[in-house]
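Breakdown of the fold
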Amino acid sequence: MIGRRIFLGAAAGAALAARAHAQAPAWPAVRERARGKPVFFNAWGGDERTNAFVAWAAERVRAVHGVDLRHVRLRDTAEAVQRVIAEKAAGRESGGSVDLIWLNGPNFLAMKDQRLLFGPFAERLPNFRFVDVEGKPATVVDFTVPVEGFAAPWRMAQIVIVYDSARVPRPPRTMRAMLDWARDNPGRLAHPAARNFLGATFLKQALFELAPDAAPLGRPATDAAYDAAVAPLWVWYEALRPHLWRRGAQFPDGGPAVRALMNDGELDLMISFNPAEAAVSIANDLLPRTARAVGFADGSIANASFVAIPYNAANPDGAMLVADFLLSAEAQARMSDPRHLGNPSVLDLARLPPEESRHFRDIPAVPGMPSPGELGRALPEPHPSWMTRLAADWERRVLR
């Protein structure tokens, strides 16, 4: 069950922590080589708040480093991964079209396994020494896969239940309780399709709770292990689906679409991968002021988002400068601010010098932010193969 301790990355985190103070000896040369050149940052473009943050970061790296950061907005990270694979097949070993890519999970594993990543570089970044690799092992272990410096973390995420407290004073905090709630409140819950990362995470969260044994989730999914683990999940989902929004016949495109349905009063409950979803949405008039967020009772899936540099990037120096800026206290504080993104920081704030920690003191308290107790325990991501198989299985069952 999910209360068991499984596949933690503390050992890997401690190993990296011992070397985290290493900086690139030629960092000034990196800055000089990158100056004036574009960095094509391939990142999911489906959330306007994230897009606005990237636009702000572009202004700052231009001012600080003279680097021209250009956001290539993706519908799916796999688009950029496939582009790099195609360039490899065509023999394009340098001058690639992707300089920096936001990825994790199956996309990171695919690029790492196929040796499509530049590096290791993360430990060479000057600001990496402030990353909380011991307290937040997801910053160095991605979906059970050791990152080994081939990607740099930049934001944390943990799944939460977002609800309208005016209509749902006591939200269900387990998947079993959510089924009972949905039966009593038909059509008031929705999730994106499983090809969307939020839809897949909804299923993974249920899998943690419902699987007879969670331990196999930390290893590649064999046929036998997969079949045994997911059997209770599909029984639960078949019972839940008729009570979803539009009777489970249609599914919103992604998190922003689900949030819009809740803001319009069509939903009372939704899932988000941002603990500050309610607070940020209230601050930006995207949800009613009665919106609140809470974690699952027995723990919620958490992970880190990473940026990586393809092996054939045209401007790896500029990409490293951007990755380092994303780890700066200035960028991390803005990302943590509910008026902007509201994601938890990857940094250990206690390590920051006073002149840097001041950035975090300016973050205001806003309605809707869950306390650490309400957020609860962070669960590690399963191995990427579970997400891939769950998404395909869901499509076969639901979209047939």
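Just so it is clear, the model here is predicted, and its values are computed rather than measured.

**Looking at the pattern of salt bridges**
- Considering all chains together, one arrives at 23 salt bridges under this definition.
- The network of salt bridges with shared partners includes D47, R49, R259 and E277.

**What about helix α13 (residues 354-361)?**
- Among the residues making up α13, those that are buried are S357, H359 and F360. Buried residues in α13, looked at end-on, bunch into an arc of 130°, giving them a common side. Residues of α13 that are exposed and angled more than 90 degrees away from the buried face: P354 and R361.
- Those residues of α13 that are buried are in contact with α12 (329-336).

**Some details on the domain arrangement of the chain**
- Once the domains are mapped, the chain shows domain 1 (21-155 + 304-368) and domain 2 (160-302 + 375-398).
- The centre of domain 1, based on its C-alpha atoms, is set 27 Å off from the matching centre of domain 2.
- Opposite the 20 residues of domain 1 that make contact, domain 2 presents 26 residues.
- Both sides together, the interface formed by domain 1 and domain 2 hides about 1,700 Å², and carbon and sulfur atoms give 62% of it.
- For domain 1, the biggest contributors to the area lost against domain 2 are R49, F143 and G368; these three give 35% of the whole.
- Taken together, domain 1 and domain 2 are joined by 1 salt bridge.
- A salt bridge links E277 to R49, with the nearest nitrogen and oxygen atoms 3.3 Å apart.
- On inspection of domain 1 and its partner domain 2, the count reaches 2 residue pairs in polar contact (both at pLDDT 80 or more).

**Section: the side chain of E87**
- With respect to the helices and strands, E87 occurs in helix α4 (residues 78-89).
- Judged by its relative accessible area of 8%, E87 falls in the buried class.
- Of the polar contacts made by the side chain of E87, one reaches the side chain of S97; its length is 2.6 Å.
- Separated by 3.0 Å, the side chains of E87 and N312 make a polar contact.
- In contact with E87, not counting residues within four places along its chain, are R92, G96, S97 and N312.

**Details of the environment of V81**
- Examined against the element boundaries, V81 turns out to sit in helix α4.
- Considered as a pair, V81 and L327 are 246 residues apart in the sequence and their alpha carbons are 23 Å apart.
- Not counting residues up to four positions away in its chain, the partners in contact with V81 are I101, N107 and M111.

**A few points about the pairing of strand β2 (residues 68-74)**
- Where strand β1 (residues 38-44) and β2 come together, 7 bridges link them in parallel fashion. Residue pairing across strands places P38 opposite D68, the latter belonging to β2.
- In this region the chain leaves β1, passes through helix α3 (residues 48-65) and returns to the parallel neighbour β2; the handedness of that crossover is right-handed.

Calculation rules
- Residues numbered from 1 in each chain as written.
- Predicted model: local features only at pLDDT ≥ 70, side-chain atom pairs only at ≥ 80, totals over all residues.
- Heavy atoms only, no water.
- Salt bridge = Lys/Arg side-chain N within 4 Å of Asp/Glu carboxyl O.
- Buried < 20%, exposed > 50% of the residue type's maximum accessible area, 1.4 Å probe, protein only.
- Helix = DSSP H or I, 4+ residues; strand = E, 2+ residues; numbered from the N terminus.
- Arc of directions from axis to C-beta.
- Contact = heavy atoms within 4.5 Å.
- Domains from an automatic or database assignment.
- Buried area = accessible area lost by both parts, 1.4 Å probe.
- Polar contact = N/O pair within 3.5 Å; in protein donor to acceptor, adjacent residues only side chain to side chain.
- Pairing = 2+ DSSP bridges.
- Right-handed = clockwise from strand over helix to strand, strands pointing away.

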